[in-house]
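Letter by letter, the chains look like this.
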Amino acid sequence: MTAVWLIPALPLLGFVTLVVLGRKFGDPGAGIFAACMVGLSFLGTLGVFAHLLSLPHEERAISQTLFTWISSGSFKVSIGFLADPLSITMCLFITGIGALIHIYSVGYMKGDPKFSKFFVYLNLFVASMLLLVLGDNLLLTFLGWEGVGACSYLLISFWFTDPKNASAGKKAFVTNRVGDFGFMLATFLVWVTLGTVNYEQIRPLAPGLAAGTATAIALLFFLGATGKSAQLPLFVWLPDAMAGPTPVSALIHAATMVTAGVYLLTRLSPIMAEAGWANDVVAWVGALTALVAACAAIAQNDIKKVLAYSTVSQLGYMFLAVGTQSYVAAVFHMITHASFKALLFLGSGSVIHAMAHEQDMRKYGNLRKYLPITYATFMVGWLAIAGIPPLSGFWSKDEILAGVFNAKTFGNLALWVIGMAVALLTAFYMTRQVIMTFFGEEKWRHAEVDAHGHELHADEEDAVDDHDHHHLTPDHTPHESPISMTLPLVVLAGAAAVAGLLNLPFGDPLKFLEHWLEPTIVGEHELPPGWVQALLSLAAVAVAVIGILGARAVYFQKKVDPAKIEKPVFAHAWYIDETYAKFMGGPGETAFEDVAQFDQKIVDGAVNGIAGGTVGLGNRLKGLQTGLVRTYGLGMAIGAVALLAYVVTRIGG
Amino acid sequence: MFTLTETWYLVLAALIFSIGAVGLLVRRNVLVMFMCVELMLNAVNLTFVSFSTALDDLGGQTAVFFVLVVAAAEVVVGLGIIVAIMRRRQSADVDDISLMRG
């Protein structure tokens, strides 16, 4: 029997071992050990994958129950794993990309005083994510869901000596809690209405749900997903999460954790199929998030922030796909995005590494001369995300847009237009980033000589990794990163280039992913006919090329002043974050103060009052206990006489 | 002719019991109180035996044996405690001992 439980258990074992022996393993031993654990987990996933492939199409689901976790009345939850095409697809890229990022981190974190601790967290993160994906019930998924949230907090604020990093971690955690409350309420609702939280049992029962209930469940789960997957209105934590070390940004905030929301809704497609207009909400929120974040990405100067907003935007695409019932396209984009976004993040990490931890793209330029491997791989990632065929991003994005085009969603054509606009913006901001970083003149050479120049230019939102304090100087010569960092880049570049092969739109036999996922998904939407798709693809390519050429005109040929495009409203992401801060600092804080007062005076008052009353009564009554034996004796005698008198007069008489 | 019916025994037992009970309440010397308890116990024994004879039932006499055994055990423990108290405090006045006061 294939041991599905081994997949999350191996990183967990790595976590436990490193907690105890991490310091002894040291640098780089701890990192190599952690990478091996995730690598073994990847091999295990491959084994399960092969086993699933050998099974007939409809029976591809291995359910494995280890033991009962909670048993309370009719409420029974077990620690059980469900390996079906959907979860194994997720596991493949979580462990595969996770292992590559572990290898990369060995190089990136070299010399960090908390080297082994980093890998403790990283392994725990991978284990939680696998638990989230493989869990066969909502509660186990929630356990993993919270696990990745906690790890994300620990890793974002990894360099917590800088208060900015620490508060970014807190922000991520608190924002996620808002979403988690939706997840919990939805789980309760599923339990109350269906009487089970097990996915395989939910599936046949879901069609029996009342439309209103299904809509409520779907919306609440979507609220959870907006937190974890950084959608409107809860996306504000993700750009700040770039305060963590770059491998963390790649692993958590691009490739895996943020996809949890998409996974959840795909897993619950039986409920989504009954949820009516909740799907429209998902699609619209996804599309608007994609647009808002893509606009914000245009005006960022921090190399990682561009990618962070890009991630938010691409996640918006995935939700757009989920909302229009194109689950296969959502998962497809999740896979391709995981590979090219991990590649881009790791590439930017390599750049940051080479530039003495400077993250401001205005100080870069002409780096292709110094970082040939990073440059070449970054090019692949850039073209993939921009949607240039035949790279992976083109195929998945195209499938989403084609699905939107003939979806039955409210205002589907408007959604399609937004999607196309986002495609244009994506090509634009990625080209801007590439030009600012790898082309043009070597701008750091003209930077002011005094060390304060750095502070002068740093805006508030520059999350600069200044855990080691050597600054970028004009005579700095960038150097290519070590092999442990470039090797994952090359592998990921390969994946980003060819991942499109998973689901080519030319004829049925080539749609491998669609056939593979078919048994797990309910209510998949049909794509438009081939010739419509072809036309749409042409339009998408045209839009991408316009975006690239536009950015080239602005930033390379300098025909237009960039300030005309990089509006402050974009740089501040439409002031959404600021509005939250203002609201929470003003009326919000007052309201919470009042609630706290209520809690202190009324709720605590009642509890303390009861306790105080009991103590007072005890103080009064304790006088009765004199400690004098004869007093007690007298009491007993009087009692006995009274009892006797009663017996004699009432009963005896 | 004057016959000694069980009433006499019962009256005697009641008297002894009352003496014991009152003694227990009015005396402060632990040893005396202890003897009063013995008086009460034996008064009850006397009642048991009287009824046993009157009703021709051996149950009453059996109960006496139990009372005797318990009383003996009680004497062992009680006297042990009293000796320990006397050693510590040089007095056997119960009113001096009120360590359990609330």
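These numbers come from a predicted model, not from an experiment.

Asks: When you look at the overall build of chain B in this model, what are you seeing that I'm missing?
Replies: Counting secondary structure elements, chain B contains three helices and zero strands. For chain B, the sequential pattern of α-helices and β-strands runs α-α-α. For chain B, whose C-alpha radius of gyration is 17 Å, the value lies well above the compact-globule estimate of 13 Å for 102 residues. Seen through its C-alpha atoms, chain B measures out along the principal axes to roughly 55 × 25 × 25 Å.

Asks: How should the overall build of chain A be read in this particular structure?
Replies: A count of helices and strands for chain A gives 24 helices and two strands. Seen along its three principal axes, the alpha-carbon backbone of chain A occupies a region of about 120 × 65 × 50 Å. Counting over 653 residues, chain A shows a buried share of 52%. Counted over contacts in chain A with a minimum sequence separation of 6, partners at least 24 positions apart contribute 81%.

Asks: What should I look at first to understand the pairing of strand β2 (residues 75–83) of chain A in this one?
Replies: Residue and element names in this part refer to chain A. Looking at chain direction, strand β1 (residues 62–72) and β2 are connected through nine bridges and run antiparallel. Bridging from a neighbouring strand, Gln-64 pairs with Phe-81 of β2. Here β1 folds back onto β2, and the loop between the two strands holds two residues, one of which, Gly-73, carries a positive phi near 65°.

Asks: Honestly, helix α13 (residues 303–323) of chain A in this entry has me stumped. Any pointers?
Replies: One turn of the α-helix equals 3.6 residues, which is why residues spaced by three or four share an orientation. Residues and elements named next belong to chain A. With 21 residues, α13 ought to run about 30 Å at 1.5 Å a step, and its terminal C-alpha atoms sit 31 Å apart, in line with that. Burial runs high along α13: 21 of the 21 residues are buried. Within two residues after α13, Gln-325 carries a phi angle of roughly 65°, on the positive side.

Asks: I would appreciate a short explanation of the confidence of the model for chain B in the present structure.
Replies: Residues shown with low pLDDT carry predicted positions that ought not to be read at fine detail. When pLDDT is averaged along chain B, the result is 88, and 98% of the positions lie at 70 or above. Note on the complex model: pTM 0.77, ipTM 0.82.

Asks: What is the right way to read unusual backbone geometry from this model?
Replies: Leaving glycine out, the prevailing phi sign among residues is negative, and the prevailing peptide bond configuration is trans. Residues and elements named next belong to chain A. Between Leu-232 and Pro-233 the backbone carries a cis peptide bond, its omega angle lying at 0°. Assignment of secondary structure puts Pro-233 in the loop between α7 (211–228) and α8 (237–240). The peptide bond linking Pro-389 to Pro-390 adopts the cis configuration, its omega dihedral lying at 5°. Backbone geometry places Gln-325, a non-glycine residue, at a positive phi of 65°. Along the chain, the position of Gln-325 falls in the loop between α13 and α14 (327–354). A residue is classified by how many C-beta atoms lie within 10 Å of it, and Gln-325, with 25 of them, is buried.

Asks: I'm lost on the interface of chain B and chain A in this one. Help?
Replies: How large an interface is tends to be reported as the accessible area lost when its parts come together. Contacts between chain B and chain A engage 10 residues on the former and 12 residues on the latter. Each residue belonging to the side of chain B that touches chain A can be placed in one class, and the counts come to six nonpolar, two polar and two charged.

Asks: Just to check I follow, could you spell out the domain arrangement of chain A for this structure?
Replies: Each domain of chain A was delimited in the assignment, giving domain 1 (1–136) and domain 2 (581–652). Summarising the inter-unit geometry, the C-alpha centres of domain 1 of chain A and domain 2 of chain A are found 54 Å apart.

Asks: How should I be thinking about the packing of helix α1 (residues 6–54) of chain A against helix α2 (residues 85–108) of chain A in this particular structure?
Replies: The axes of two packed helices give the description: the angle between them and the distance between them. Residue and element names in this part refer to chain A. Where α1 meets α2, the closest approach of the two axes is 9 Å, and the angle between their N-to-C directions is 150°. One way to sum up the angle between α1 and α2 is to call them roughly antiparallel. Our pair here, α1 against α2, has a crossing hand that is left-handed. When its residues are assigned to classes, the contact of α1 with α2 shows 17 nonpolar, nine polar and no charged.

Asks: Looking at this model, I keep getting lost on the nonpolar core. Mind explaining?
Replies: Nonpolar side chains tend to gather and get buried jointly when the protein is soluble and globular. Residue and element names in this part refer to chain A. Core analysis: the largest hydrophobic core is formed by 211 residues, its most contacted members being Phe-221, Ala-342 and Ala-496. In terms of residues, this core owes the most to one element, α14, which gives 18 residues. Those residues in contact with Phe-221, other than ones at most four positions away along the chain, are Gly-182, Phe-183, Ala-186, Leu-264, Leu-265 and Leu-268.

Asks: For this particular structure, what's the right way to read the confidence of the model for chain A?
Replies: Confidence along chain A averages 86 in pLDDT terms, with 96% of residues attaining 70 or more. The model gives residues 449–469 of chain A a pLDDT under 50, and that stretch makes 23 contacts with residues more than four places away or in other chains.

Asks: Would you take a moment to explain the packing of α7 of chain A against helix α12 (residues 278–298) of chain A for this structure?
Replies: Residue and element names in this part refer to chain A. Close contact between α7 and α12 brings their axes to 9 Å; oriented N to C, the two are set at 20°. Relative to α12, α7 is oriented roughly parallel. Along this stretch, α7 crosses α12, giving a crossing that reads as right-handed. Side by side, α7 and α12 meet where Thr-215, Ala-218, Leu-219, Phe-222 and Thr-226 of the first sit next to Ala-278, Val-281, Val-282 and Val-285 of the second. By residue class, the composition of the contact of α7 with α12 is seven nonpolar, two polar and no charged.

Asks: Please clarify how the environment of Leu-122 of chain A should be interpreted in this entry.
Replies: For Leu-122 of chain A, the position within the fold is in helix α3 (residues 115–134). On the basis of neighbour count, Leu-122 of chain A is assigned to the buried category, with 32 C-beta atoms found within 10 Å.

Asks: Explanation requested: α14 of chain A in the structure shown.
Replies: Residues and elements named next belong to chain A. Compared with the 40 Å implied by 1.5 Å per residue over 28 residues, the 40 Å span of α14 between its first and last C-alpha is a close match. A large share of α14 lies buried, amounting to 28 of its 28 residues. Immediately downstream of α14, the backbone of Ala-356 shows phi near 55°, a positive value.

Asks: How should I be thinking about the environment of Pro-204 of chain A in this particular structure?
Replies: Within the secondary structure, Pro-204 of chain A sits in helix α6 (residues 199–205). Once the C-alpha coordinates of Pro-204 of chain A and Pro-270 of chain A are considered, the two residues, 66 residues apart in sequence, prove to be 8.1 Å apart.

Quick notes on the rules
- Residues numbered from 1 in each chain as written.
- Chains lettered and ligands numbered in written order.
- Predicted model: local features only at pLDDT ≥ 70, side-chain atom pairs only at ≥ 80, totals over all residues.
- Helix = DSSP H or I, 4+ residues; strand = E, 2+ residues; numbered from the N terminus.
- Rg over C-alpha atoms; globule rule 2.2 N^0.38 Å.
- Buried ≥ 20, exposed ≤ 12 C-beta atoms within 10 Å, placed from the backbone.
- Contact = placed C-beta atoms within 7 Å.
- Pairing = 2+ DSSP bridges.
- Expected span 1.5 Å × (residues − 1).
- pLDDT = per-residue confidence, 0-100.
- Nonpolar A, V, L, I, M, F, W, Y, C, P; charged D, E, K, R; others polar.
- Domains from an automatic or database assignment.
- Axes fitted to C-alpha atoms, helices over the stretch in contact; angles between N-to-C directions.
- Parallel < 35°, antiparallel > 145°, perpendicular 65-115°, else oblique.
- Left-handed = near helix turned anticlockwise from the far one by under 90°.
- Core = buried A, V, L, I, M, F, W, Y, C linked by C-beta atoms within 7 Å.

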